[in-house]
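Summary of the model geometry
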Amino acid sequence: MRVHLASDHAAFDLKEFLVKELRLLGYDVIDHGAHEYDARDDYPLIVLPASEAVAADPGSRGIVLGGSGNGEQIAANKVRGIRAGLAYNTVMARLAREHNDCNVVSLGGRMQSLEEALAIVKVFLTTPFSGDPRHQRRITELTAFEDKHYR
């Protein structure tokens, strides 16, 4: 599976850690930056291209990182075809996949340890969408709204 990662300065160390660990696990990792620490960088300029890459790459997943993950989730969700969920633990990551078929997960680099973040990401990458009709119906409703209003 191809995994697109992006982070601003606030989670730069987490991104570097995840890139290394996910490659060791056999994932095809695309690092969209930041490529060096810059305390003045802006997450939209990094997260939006990574999210566009996920939307253009069916079957891939994305991981967007920042201090809290909130802004990065918002940015990712501005991209048509992206369903990004914020996860601070493995339960949220599992539910993002099972219930919402999220293709991007957002984490806060200041919210958990590196090891906890890796566990969250592993759950996100390995959990399938449940296919439950009620969850699919809701995703279809969201997609219809997006198609109607954001052509």
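Heads up: the structure comes first, above all this text.
What comes next is a walk through the structure. Everything numeric in this text was worked out from a predicted model, so none of it was measured.

With respect to topology, 5 strands assemble into an open sheet ordered β2-β1-β3-β5-β4, the strand pairing being parallel. Because the sheet does not close on itself, it has two edges, and the strands there are β2 (28–31) and β4 (84–86). Each strand of the sheet is rotated relative to its neighbour by a mean of 25°, with strand direction disregarded. Pairing of strand β3 (residues 61–66) with strand β5 (residues 104–108) involves 5 bridges; the strand directions are parallel. If you follow Gly-66 over to β5, its bridge partner there is Gly-108. Along the sheet, helix α1 (residues 12–24) contacts β1 (2–7), β2 and β3; its crossing angle with β1, the most-contacted strand, is approximately 165°. Most of the contacts of helix α2 (residues 43–55) go to β1, to which it runs at about 170°, and overall it touches β1, β3 and β5.

Cut-offs and rules
- Residues numbered from 1 in each chain as written.
- Predicted model: local features only at pLDDT ≥ 70, side-chain atom pairs only at ≥ 80, totals over all residues.
- Heavy atoms only, no water.
- Pairing = 2+ DSSP bridges.
- Helix = DSSP H or I, 4+ residues; strand = E, 2+ residues; numbered from the N terminus.
- Axes fitted to C-alpha atoms, helices over the stretch in contact; angles between N-to-C directions.
- Contact = heavy atoms within 4.5 Å.

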